[in-house]
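Listed below, chain by chain, are the residues.
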Amino acid sequence: MRYLILLLLSLICLNSSHSQIYEVGGFVGGSNFIGDVGATNYISPNTAALGLMLKWNRSPRHSWRVSVIYADLKGYDKDSDDPRRIQRNYEFDSNLLEFSAGMEFTFFDFDLHTSEMKVTPYLYSGISVAKHDNFYYDLNGDIVDENTSSWAYGIPITLGIKTNITNHIILGAEIGARYTFSDEIDGSVPDGDFNGQFSIGNTNSNDWYVFTGLTLTYTFGQRPCYCNF
């Protein structure tokens, strides 16, 4: 009996693995940084961001999602509304490569196996990790490259809206803020041991960055046998 149950469970899992529907595609848009250097606008993309993503739709209401996004983050004190930052006039230009995984939840059913047009807002969250260069500002305000890199862990908080433009093509628009557990992305807290000598800004406030743009994915797979969770 035990072996029969194991066989049935194996067949169910095998059937489920071949009957789910998937999405693969890309993200294109812009990025902006919110921290101790540069402007403090929450949504103000000033550099390009490009990425790839894969979704595994577990039901018409939720999907597992993974993505990788590259951005060239830039921050300029001269673009800030804070007179102190404008006078300081610091700036940075840093490459960032982010990996993210989590769940996407749609507000309305988004059944990809029906032919009619569907539109729904959605939320995405999970965990992210971003690789960035390490640097700091010397006493003259010049950037000093530490020739190292670090990983900034964070929580993505994304709001978007999507629609099917064909039976297999899904178009979406989203704004995704990333709260990180790091204060090193803009060089305000050096990675090296300098006893706080070169730290600037509010050391009690961590860094944020935002991706704003469009997603375009292609769906494939057979009609799913949706689970109850």
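Residues numbered from 1 in each chain as written. Predicted model: local features only at pLDDT ≥ 70, side-chain atom pairs only at ≥ 80, totals over all residues. Heavy atoms only, no water.

### Notes on the overall build of the protein
Scanning the protein from terminus to terminus reveals two helices and eight strands. In the protein, the succession of α and β elements from N to C terminus is α-β-β-β-α-β-β-β-β-β. A buried classification covers 43% of the 229 residues belonging to the protein. Sequence-distant contacts in the protein: of pairs separated by 6 or more residues, those separated by 24 or more amount to 69%. On the protein, roughly 12300 Å² of surface is accessible, and the fraction owed to carbon and sulfur atoms is 61%. (Helix = DSSP H or I, 4+ residues; strand = E, 2+ residues; numbered from the N terminus. Buried < 20%, exposed > 50% of the residue type's maximum accessible area, 1.4 Å probe, protein only. Contact = heavy atoms within 4.5 Å. Areas by Shrake-Rupley, 256 points an atom, 1.4 Å probe, with all protein chains shown as cover.)

### Focus on the pairing of strand β5 (residues 119-137)
Examined bridge by bridge, strand β4 (residues 91-106) and β5 share 11 bridges and lie antiparallel to one another. Bridging from a neighbouring strand, Leu97 pairs with Lys131 of β5. Pairing analysis gives 16 bridges linking β5 to strand β6 (residues 143-164), with the strands arranged antiparallel. Bridge pairing in β6 links Tyr136 to Val144. Connecting β5 to the antiparallel partner β6 that follows it, the hairpin turn spans five residues, and Gly141 within it adopts a positive phi of roughly 85°. (Pairing = 2+ DSSP bridges.)

### Describing the environment of Ile165
For Ile165, the location among the structural elements is in the loop between β6 and β7 (169-180). Separated by 51 residues in the primary sequence, Ile165 and Leu216 have C-alpha atoms spaced 9.9 Å apart. Apart from residues lying up to four places away in sequence, Ile165 is in contact with Leu171 and Leu216.

### What to know about a nonpolar patch on the surface
Among the surface-exposed residues, Tyr70, Leu97, Phe99, Ile127, Trp151, Tyr153, Ile155, Ile157 and Phe181 lie close enough to one another that they form a single nonpolar patch of about 890 Å² accessible area. Looking at the nonpolar patch, the elements with two or more residues in it are β4 and β6. With four residues, β6 is the single largest residue contributor to the nonpolar patch. A relative accessible area of 32% means that Leu97 is categorised as partly exposed. (Patch = residues over 30% accessible without salt bridge, like charges linked within 9 Å, V, L, I, M, F, W, Y side chains within 5 Å. Salt bridge = Lys/Arg side-chain N within 4 Å of Asp/Glu carboxyl O.)

Remember that the coordinates give geometry; whether it matters functionally is a separate question.
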